Amino acid sequence: MPGATGTGTAREPNETTETNEPNEATKTTETKETDDTGEAGETDEAGESNEAGEWPAAVQPAVTGQAAGSRRTSAWAAARALVARLVTPARRLPRRQLLVLAGAGAVALVVAAAVGFGGGSPAPPDGPVPVATATVERGTLTQTQQVGGLISYGEPVGLVAWQQSGVVTWIAAPGTIVKIGQPVYAVDGRPVILLRGTATPYRTLAPGVVGRDVRELEGSLGELGYSGPTVDDTFDAATASAVAAWQAASGLPVTGTVPPDQIFVHDGDLRVALQALPVGSRLSAQSNQQVITYSGTTQVASIPLDVSLQHLVHAGDPATVTLPTGQRLDGTVSDVGTVAQTIEEQNKTFVTVIVSFDDASALAGGFDSSPVTLTIVTGQREDVLTVPITALMANPDGGYAVQTVKDGRSTFVPVTAGLFANGRVEISGAGVAEGVTVRVAR
C-alpha cells in the first residue's frame, strides 16, 4: 500500500496529511497479512477490534486521520497517543497499524525521549560520583566513662572532746582554717591547741616519758619556733623548758608537762566543718562527745564509684574532673575505698574514690561544695587503625565491612571491629591500611 507505507514526515500541528488513496479509510479489507514471525496477523478492520484488543480511544482519530485525506489531524496528538500506547501493557500490533503511525514517528520519538519510556530515572552522569569520605588513621583509641561526684574538703570527721567535765566556752567557727599551734575550742576558758602528729594523746607527757608521742610533741615545738629540745623519743629537761615557754604563750597553765586535755593532734592544718555542740554546752562523763566536725584544708573530689568499675581505678592514676562551669582540672587518684556502701533506694553499691587536684589554687574563690564529673578510662588501644563509626556497615555475609574509595570507584572490604570510642572504631583486616579513603554516611 504505497500511500500508507511511504516515509511519513512530522508536520506542524496546523498542517494536513494527505494520501494518494482517498478511499483507503472506507474500505474493509479481509486480507490476512503475515507479521515478522511469519504468523497470520489479525483482521484489520477500521474502527473494529482486533485479536489483541481495541486501540485506546485516544489513538483512533490519529489512525483514521492518516488514511482520510479530507480530515485534518494533529501529528502532536498522534505522538501523544503513541506514548500512551507504549506505556500500556505490551501488545502485538498489526503491521498495517504500525505503518499508519509511521508519519508521526519522528514527533513521537522526540516526545518519548523527553518524558522517558516507562517514567524511568535518567542515566547517571559519566565520571566519579562525589561522596562523603574519611581517611583511615593510626593512633591510640581511648574509651572513657563519666561518673558523678562532689567537690569538697573531704569527708568530715568528728573531734571528740577528751575532757569529761567543764563548759565549752569557745569553738572555732565553721569554715575556719585552724593551723598548727592555734586553738580549736576551749573548755572553762582554757584552749585546746592543735599540734602536728598521728599519735592520739592518752597520757601526760613529762620528764622521763619515752615514746612516739614525745617525738611528735618535740617536732611541733620546733615547728613553732621552740628549738631547744632534740627531736627524739625522750622527754628531757630541754623538752620541759620548751613546753613551759609554749604554755605561757598559748594561755595555758605553765607546768612544763602536757596533759592530754591541752592538745589535739592531727597530721596537718584542719578546716572546721560544723560545730557539733553549741557554745555553753556542759561536758560530762558521757563518752564520745563531739565538739566539731572537721576536714582537710584542700578541696578534693569524692566520687561514689560503682563497684563494677572499681577495678578500673587505682591510687596514683591520672584523672580529669569537670566542674559545673565546664572547667576541666587535672588531678590524681589519691585513694580508692575498700569498704563498699549501698544506697538501697537506688540499688547501688559503691566505693568512695578521692581525687586530689594537681593545682588546688585553681579552685580558690570557687565552690566550697559542688557536683563534679570524673572521667575515667575504661578501655584503651594503642597503635591501631581507626575510622569514623559512620564508615562501618553490616556485611551481608556477617560481621562488618567498610567501603574503600579509589579513583571514584568503591570496593567493599570486610573488617573486624574492635574498640568503639569518641565516635571512632578500631578496625583490622586485609585491604585496610593507614591513609586509605573510606566512604562515610552523611
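This report concerns the structure included in the present document. These figures come from a predicted structure and were not determined experimentally.

### Structural notes on the nonpolar core
One broad rule of soluble globular proteins: the nonpolar side chains tend to lie buried together.
Piece 1. In terms of nonpolar packing, the biggest core is built from 21 residues, with L305, V353 and V355 touching the most fellow members.
Piece 2. Within the residue set of this core, elements represented by two or more residues are β2 (137–152), β11 (300–306), β12 (318–322), β13 (328–336), β15 (348–357) and β16 (370–388).
Piece 3. A per-element tally of this core places β15 first, with four residues.
Piece 4. I171, Y185, L194 and V291 belong to the second-largest nonpolar core, a separate cluster that totals 20 residues.

### Focus: the sheet that holds strand β5 (residues 177–178)
Piece 1. Ordered in space as β3-β10-β9-β5, the four strands form an open sheet in which the pairing is antiparallel. Here the strands that pair on one side only, and so sit at the sheet edges, are β3 (157–160) and β5.
Piece 2. Note: β3 against strand β10 (residues 290–295), four bridges, orientation antiparallel. The residue bridging G158 from the neighbouring strand is T293, located in β10.

### Let's talk about the pairing of β16
Regular strands place their side chains on alternate faces of the sheet.
Piece 1. Bridge count between β2 and β16: 14 bridges; the pairing is antiparallel. Residue pairing for β16: T144 is matched across the bridge by V377.
Piece 2. Judged from the three bridges that link them, β12 and β16 form a sheet pairing that is antiparallel. Considered in β16, the bridge of T322 is made with T373.
Piece 3. Bridge count for β16 against strand β20 (residues 424–428) is four bridges, and the pairing is antiparallel. Looking across to β20, one finds that L385 is bridged to I427.

### Some points on the side chain of Q262
Piece 1. Inspection of the secondary structure puts Q262 in the loop between α7 (237–250) and β8 (263–266).
Piece 2. Residue Q262 is classed as buried on the basis of its relative accessible area of 8%.
Piece 3. Looking at Q262, its side chain comes within polar contact range of the side chain of Q247, at 3.3 Å.
Piece 4. Not counting chain neighbours up to four residues away, the residues in contact with Q262 comprise P191, V192, I193, W246, Q247, L252, P253 and T257.

Here is what the cut-offs are and how they apply
- Residues numbered from 1 in each chain as written.
- Predicted model: local features only at pLDDT ≥ 70, side-chain atom pairs only at ≥ 80, totals over all residues.
- Heavy atoms only, no water.
- Core = buried A, V, L, I, M, F, W, Y, C linked by side-chain atoms within 4.5 Å.
- Buried < 20%, exposed > 50% of the residue type's maximum accessible area, 1.4 Å probe, protein only.
- Helix = DSSP H or I, 4+ residues; strand = E, 2+ residues; numbered from the N terminus.
- Pairing = 2+ DSSP bridges.
- Polar contact = N/O pair within 3.5 Å; in protein donor to acceptor, adjacent residues only side chain to side chain.
- Contact = heavy atoms within 4.5 Å.

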